[in-house]
Amino acid sequence: MEQTTYTLDQDIQDFISNCMTLEHPESYLIAVLHKVQGRYGYLSEKHMDEVAHLLQVPTSTVFGVATFYHFFRLKPAGKFKISICLGTACFVKGADLVLDAFKTELGCSLGDTTSDGMFSLEGTRCLGVCALAPVVTINEQVFGNVKPTQVSEILNKMKEAKVEA
Ligand code: FES
């Protein structure tokens, strides 16, 4: 189906057009998706369609890449962005159990946002504060040595403190 109008900002369209002049333009897909997410905060279905069309790759490829990498999000982030460090030091100290506790408390999975739009859950690479492992950040706030049993308390604190994004 021919698509002639795009909702992506012009500079992103220009970036993709420039990629199309280079060898193997499809190899810039991840870079393009980073730009789109950086601008809009997440990858909407419409934007992924437009990227596929402009970069001349199948929509299924774009969707496949967007869902494969945990740093891409397919929904707008919540008011509180919860990032669980999944780096080696944190993982060894039980980050997976902390993540499970957040999933259970929030009723949402990694890369997802709660239905009230309050919390989103994402994994992140090493944050460079391994001595505090396992580490969780919520917006700009850092929580170290987090235990699964503290998750409920942390979430309540966020709700009460109304920490700003
Ligand atoms: S591995 Fe989590 S802060 Fe380094």
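Conventions adopted
- Residues numbered from 1 in each chain as written.
- Predicted model: local features only at pLDDT ≥ 70, side-chain atom pairs only at ≥ 80, totals over all residues.
- Heavy atoms only, no water.
- Helix = DSSP H or I, 4+ residues; strand = E, 2+ residues; numbered from the N terminus.
- Polar contact = N/O pair within 3.5 Å; in protein donor to acceptor, adjacent residues only side chain to side chain.
- Contact = heavy atoms within 4.5 Å.
- Salt bridge = Lys/Arg side-chain N within 4 Å of Asp/Glu carboxyl O.
- Buried < 20%, exposed > 50% of the residue type's maximum accessible area, 1.4 Å probe, protein only.
- Pairing = 2+ DSSP bridges.
- Core = buried A, V, L, I, M, F, W, Y, C linked by side-chain atoms within 4.5 Å.

S.K.: What should I look at first to understand the side chain of Ser120 in this one?
M.R.: Take Ser120: it is sitting in strand β2 (residues 119-124). Only 3.0 Å separates the side chain of Ser120 from the backbone nitrogen of Gly78, close enough to count as a polar contact. Not counting residues within four places of it along the chain, the set of residues in contact with Ser120 comprises Arg73, Ala77, Gly78, Phe80, Lys81, Ile82, Asp112 and Thr113.

S.K.: What is the right way to read the pattern of salt bridges from this model?
M.R.: One side chain can pair with another of opposite charge once the charged atoms of both are near each other. Evaluation of the coordinates by the stated rule reveals five salt bridges. Two residues, Arg39 and Asp9, come together in a salt bridge whose shortest N-O distance is 2.7 Å. Within this pair, whereas Arg39 is found in helix α2 (residues 29-40), its partner Asp9 is found in the segment before α1 (10-20), the two being separated by 30 residues in sequence. The partly exposed category is assigned to Arg39, whose relative accessible area is 39%. Overall, the relative accessible area of 30% leaves Asp9 in the partly exposed class.

S.K.: What should I look at first to understand the environment of Pro58 in this one?
M.R.: Structurally, Pro58 is set in the loop between α3 (45-55) and α4 (59-68). The class of Pro58 is partly exposed, set by a relative accessible area of 48%. Sequence-wise, Pro58 and Cys90 are 32 residues apart; in three dimensions their C-alpha atoms are separated by 37 Å.

S.K.: Any chance you could explain the pairing of β2 here in plain terms?
M.R.: Both faces of the sheet carry side chains from a regular strand, because those side chains alternate between them. By the criterion of burial, β2 is predominantly enclosed, with five of the six residues buried. Here strand β1 (residues 80-85) pairs with β2 via six bridges, running parallel. The residue bridging Ile82 from the neighbouring strand is Leu121, located in β2.

S.K.: What should I look at first to understand the nonpolar core in this one?
M.R.: Proteins that are soluble and globular tend to have nonpolar side chains buried together. Membership of the largest hydrophobic core comes to 24 residues, with the highest contact counts inside it found for Ile82, Ile84, Phe102, Leu106, Leu121, Val136 and Ile138. A per-element tally of this core places helix α6 (residues 95-106) first, with six residues. If we skip the residues at most four places from it in the chain, Ile84 touches Ala95, Leu99, Phe102, Leu121, Glu122, Gly123, Thr124, Val135 and Val136. Among the nonpolar cores identified, the runner-up in size contains 19 residues, and Leu8, Ile12, Val36 and Val57 belong to it.

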